[in-house]
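# Fold and contact review
Read off the chains here:
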Amino acid sequence: MLKLAFTSCACLQVYRQQPVWDWIAQERPDHLVLLGDCVYLDIATTPIPQDMLLDEFAQHLYARYSAQLLQPSLRTLCQQLGPNRVHAIWDDHDFLWDDANGAELAGHPAHREKIAMSSAFFTVFRRCLQGAPWPATYRDAVFWQADAVLATPSIALEPDIWLHLSDGRSARTHKGWPRPEAQRALLGSAQRSLLGQRIEAAPEALHLLASGSTLSAWRRYPADWQWLLDVSASRRVLVLSGDIHRNETDAFFTNGRFPLHEATSSGAAIKDTVVIGKPRRNFGLLQVDPDQVQWRLFSHRDEEAPKRRTLSRATMLPA
């Protein structure tokens, strides 16, 4: 049996103590997936990232990632899991700032430089979650790569269970007016094509697609949404998503052999609206065995029982 924990949205500037990592550790998962907003670059900072010069932005990134990597509970969990067991994607707050869209900002020279720098920093952050050493200074050459692009790897957790780490920010456009629907993109055509090939290459596998955005947001991007429905019609796909500071579960008809499923866990260490509202300490646990796929969603360590789902692995229908 494979056990995988997943969550998103941890803001050290709101909660320096983050017991969610201790609770996950007690469940002894095989893998942990961080679904975006691993740090918050635009919270409790003056000047804001939009107004920073590149050197100042690099120092800011270095401080935020250093602090999160040193958070005691997360650090202990990563050490417990060991190499190749912690996986992460980004969303807007680690990409640049709230609602930042790469396709819109890449045309601005200063912001284009910041996208490359963020890509480099997040790449190193991923390695450090796996146990690699964090560079001693923000001036390390690994961070200063003008052509840095965040990778979107597909990882075989088991021979028949694949985890696909998507990038929902670099190619993303605005989700509505004045951009016509036909010109909107979330993953973009190049990433869709690559992910599609990887999924098609393992036709009988369970495919876990890590997404910073929920599928409710995907539906504002018709090309990406239709692509996902088409892929899921003939392949077993479960989307693990974050972003919304609560737990949810959903399913969608595809007019094909299989439905499309979604499990959302968001709010690892955050408040309702990041800095205001009720505290959120949420995580999810996915368990997969030869016959079943089951996920459970937890708030403050208590399971939200109505959101539990148990599926037949053969049909992806309720067991």
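My aim in this report is to walk through the structure given alongside it, one point at a time. (Residues numbered from 1 in each chain as written. Predicted model: local features only at pLDDT ≥ 70, side-chain atom pairs only at ≥ 80, totals over all residues. Heavy atoms only, no water.)

## Here's the deal with the side chain of N247
The following threshold applies: The secondary structure listing takes helices from DSSP runs of H or I that are at least 4 residues long and strands from runs of E that are at least 2 residues long, numbered from the N terminus. As used in this structure description, the phrase polar contact means that two N or O atoms lie within 3.5 Å; if the pair is within protein, one of them must be able to donate a hydrogen and the other to accept it, and residues adjacent in sequence are counted only when both atoms belong to side chains. Whether two residues touch is decided by their heavy atoms; if any such pair falls within 4.5 Å, the residues are in contact.
Secondary-structure assignment places N247 in the loop between strand 7 (236-241) and strand 8 (248-252). Among the polar contacts made by the side chain of N247, one reaches the side chain of S265 at a distance of 2.9 Å. The contact partners of N247, leaving out residues within four places of it in the chain, are T264, S265, S266, N282, F283, L297, F298, S299, E304 and K307.

## Re the pattern of salt bridges
Formally: Salt bridges are counted wherever a side-chain nitrogen of Lys or Arg sits within 4 Å of a carboxyl oxygen of Asp or Glu.
According to the stated counting rule, one finds 10 salt bridges in the structure shown. Between E204 and R236 there is a salt bridge, and its shortest N-O distance comes to 3.4 Å. Taken as a pair, E204 in the loop between helix 7 (189-200) and strand 6 (206-211) and R236 in strand 7 lie far apart in primary sequence, 32 residues in all.

## A look at the environment of A106
The condition that has to hold: Accessibility here uses a 1.4 Å probe with only protein chains present; expressed as a share of the type maximum, an area under 20% marks a residue as buried, one over 50% as exposed, and anything in between as partly exposed.
As for its placement among the helices and strands, A106 is situated in the loop between helix 5 (102-105) and helix 6 (109-129). A relative accessible area of 31% means that A106 is categorised as partly exposed. Here the alpha-carbon distance between A106 and L165, two residues 59 residues apart in the chain, equals 22 Å. Apart from residues lying up to four places away in sequence, A106 is in contact with R112 and I115.

## Observations regarding the environment of L238
Here L238 lies in strand 7. Sequence separation between L238 and R219 is 19 residues, and the spatial gap between their C-alpha atoms is 16 Å. Those residues within four positions of L238 in sequence are excluded, and the remaining contacts are H207, L208, L209, H261, E262, A263, L286, V293 and W295.

## A short note on the packing of helix 1 (residues 20-27) against helix 3 (residues 72-81)
If you want to describe how two helices pack, look at the angle between their axes and the distance between the axes. Put simply, the rule is: Helix axes use the C-alpha atoms of the stretch in contact, all axes being lines fitted to C-alpha atoms, and the angles between their N-to-C directions lie in the range 0 to 180 degrees. Note on angle classes: values under 35 degrees are labelled roughly parallel, values over 145 roughly antiparallel, values of 65 to 115 roughly perpendicular, and the remainder oblique. Crossings are assigned a handedness: left-handed for a near helix turned anticlockwise from the far helix by less than a right angle, right-handed for a clockwise turn.
One way to put it is that helix 1 packs onto helix 3 with a least axis distance of 8 Å and a crossing angle of 25°. Classified by the angle between their axes, helix 1 and helix 3 sit roughly parallel to one another. In the packing of helix 1 onto helix 3, the handedness of the crossing is left-handed. Contact with helix 1, carried on its side by W21, D22, I24 and A25, involves S73, L74, L77 and Q80 of helix 3 and no other residues of that element.

## Overview of helix 7
As a reminder of what qualifies: To estimate how far a helix should extend, the number of its residues minus one is multiplied by 1.5 Å. Arc, as used here, means the arc of the directions from the helix axis to the C-beta atoms.
Over its 12 residues, helix 7 extends 16 Å from the first C-alpha to the last, a length consistent with the 16 Å expected when each residue adds 1.5 Å. Regarding helix 7, the residues found buried are Q191, R192, L195, G196 and I199. Projection of helix 7 onto a plane perpendicular to its axis shows the buried side chains occupying an angular sector of 130°, all on one side. What points out from helix 7, more than 90 degrees from its buried face, is the exposed set S189, A190 and Q197. Those residues of helix 7 that are buried are in contact with strand 4 (154-158), strand 5 (161-165), strand 6 and helix 9 (222-234).

## A short note on the nonpolar core
Note the threshold: Definition used in this section: a nonpolar core is a set of buried Ala, Val, Leu, Ile, Met, Phe, Trp, Tyr and Cys residues joined via side-chain atoms within 4.5 Å.
Counting residues in hydrophobic clusters, the biggest one holds 48 residues, and the most contacted among them are W21, I24, L32, L96, F121, F122 and L129. The set of elements that each furnish at least two residues to this core consists of helix 1, strand 2 (31-35), helix 2 (54-69), helix 3, strand 3 (86-89), helix 6 and strand 12 (282-288). Here this core takes 8 residues from helix 6, the largest share from any one element. Residues contacting F122, with those up to four places away along its chain left out, are C38, Y65, A88, I89, W90, D94 and L150. Listed in part, the 24 residues of the second largest apolar core include L4, I161, L208 and A263.

## Quick look at the packing of helix 2 against helix 6
How we decide: In this classification, Asp, Glu, Lys and Arg are treated as charged, Ala, Val, Leu, Ile, Met, Phe, Trp, Tyr, Cys and Pro as nonpolar, and every other residue, Gly included, as polar.
It is the contact of helix 2 with helix 6, at a shortest axis distance of 11 Å, that shows an interaxial angle of 20°. The orientation of helix 2 relative to helix 6 falls into the category roughly parallel. Crossing of helix 2 against helix 6: the hand is right-handed. Contact residues: L54, F57, A58, L61, Y62, Y65 and L69 in helix 2; E113, K114, M117, S118, F121, F122, F125, C128 and L129 in helix 6. Per-class residue counts for the contact of helix 2 with helix 6 are 13 nonpolar, 1 polar and 2 charged.

## Considering the sheet that holds strand 5
What counts here: The criterion for strand pairing is that DSSP finds at least two bridges linking the strands in question.
In space, the 6 strands of this open sheet follow the order 4-5-6-7-9-8, with mixed pairing throughout. Each end of this open sheet is capped by a strand with a single partner; those strands are strand 4 and strand 8. Direction aside, neighbouring strands of the sheet carry axes that sit 20° apart on average. Judged from the 6 bridges that link them, strand 6 and strand 7 form a sheet pairing that is parallel.

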